[in-house]
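Structural overview
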Amino acid sequence: MLFRSKATGNYSTVEASDGDDVIRIAVVNTNPDPLTGNPSSGMDVDKYVTIGSAAPTGVPAEKGTLNVVPGDTLRYAIIAKNNFNAPVKNFVLGDSMGVSTNIFTYASVVSVSATASFAGTVYYKVNGGAWTTVAPAAGTVVTSLQVAVDTDGSNSITAADTIPAAGSVRLDVVVTVK
């Protein structure tokens with residue numbers, strides 16, 4: 001981004017201009033990201049899954065395919081991390097299928113929660129509805145699920161909400177296989 005600056009002397013009123021400074025917003029080189037193990041990228045988003053009572057910890061081994069049977073409890077974690085050296089505005093984390101397909105076609109929702117590594121209020125949007133601070137209840141049929149963080153205190157999700165540099169958002173979903 002080109003940055004132009006101008007200074008005016010208090011007593012002499014002489015003006016000095018500098019019109020060719022450049023501010024660069026770049027990816028922070030984490031080589032690889034310590035949370036996800038991925039090479040650095042602007043917004044690093046990964047999905048992890050475990051079977052049983054232990055929530056995913058975000059290690060690469062939790063990205064694999066699992067063999068499950070009816071009655072198994074699956075715990076999903078979708079983690080997004082801002083690897084830029086500047087805030088990212090208007091970020092929404094989500095998971096969805098087609099318009100009329102239950103995102104968990106072969107499972108029932110047990111619980112949904114989200115957290116952020118920075119100050120703000122987590123909001124949820126289920127099936128294209130309105131933003132709310134209330135997570136979807138157990139048994140909710142989900143076709144799309146989004147989370148975002150209100151960081152500007154407006155009590156809503158707006159373009160002014162930001163994820164700071166190195167900030168992360170985590171969406172946890174627990175389901176039971178049908």
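Procedures and definitions
- Residues numbered from 1 in each chain as written.
- Predicted model: local features only at pLDDT ≥ 70, side-chain atom pairs only at ≥ 80, totals over all residues.
- Heavy atoms only, no water.
- Helix = DSSP H or I, 4+ residues; strand = E, 2+ residues; numbered from the N terminus.
- Buried < 20%, exposed > 50% of the residue type's maximum accessible area, 1.4 Å probe, protein only.
- Contact = heavy atoms within 4.5 Å.
- Areas by Shrake-Rupley, 256 points an atom, 1.4 Å probe, with all protein chains shown as cover.
- Pairing = 2+ DSSP bridges.
- Axes fitted to C-alpha atoms, helices over the stretch in contact; angles between N-to-C directions.
- Salt bridge = Lys/Arg side-chain N within 4 Å of Asp/Glu carboxyl O.

Observations regarding the overall build of the chain
Helix and strand content of the chain: zero helices and eleven strands. Traced from its N-terminal end to its C-terminal end, the chain shows the element sequence β-β-β-β-β-β-β-β-β-β-β. Looking at the 178 residues of the chain, the share that counts as buried comes to 34%. Nonlocal contacts in the chain, meaning residues at least 24 apart in sequence, comprise 62% of its contacts between residues at least 6 apart. With an accessible surface of roughly 9,900 Å², the chain has 55% of that area assigned to carbon and sulfur atoms.

Observations regarding the pairing of strand β4 (residues 73-82)
Extensive coverage of β4 is indicated by the burial of eight of its ten residues. Note: strand β3 (residues 43-51) against β4, nine bridges, orientation antiparallel. Considered in β4, the bridge of D44 is made with K81.

Focus on the sheet that holds strand β11 (residues 168-177)
Strand order in the open sheet formed by four strands is β3-β4-β11-β7, and the pairing between neighbours is antiparallel. Edge strands, defined here as strands with exactly one partner in the open sheet, are β3 and β7 (107-116). Geometrically, the sheet is characterised by an average inter-axis angle of 15 degrees between neighbouring strands, direction not taken into account.

What to know about the pattern of salt bridges
Pairing is possible between side chains that carry opposite charge, provided their charged atoms lie close to one another. Summed over all chains, the structure comprises two salt bridges. The closest approach of N and O atoms between K63 and D46, which form a salt bridge, is 3.0 Å. Of this pair, K63 sits in the loop between β3 and β4 while D46 sits in strand β3, and the two are 17 residues apart along the sequence. Judged by relative accessible area, which is 9%, D46 ranks as buried. We note a salt bridge from R170 to D172, for which the minimum N-O separation is 2.8 Å.

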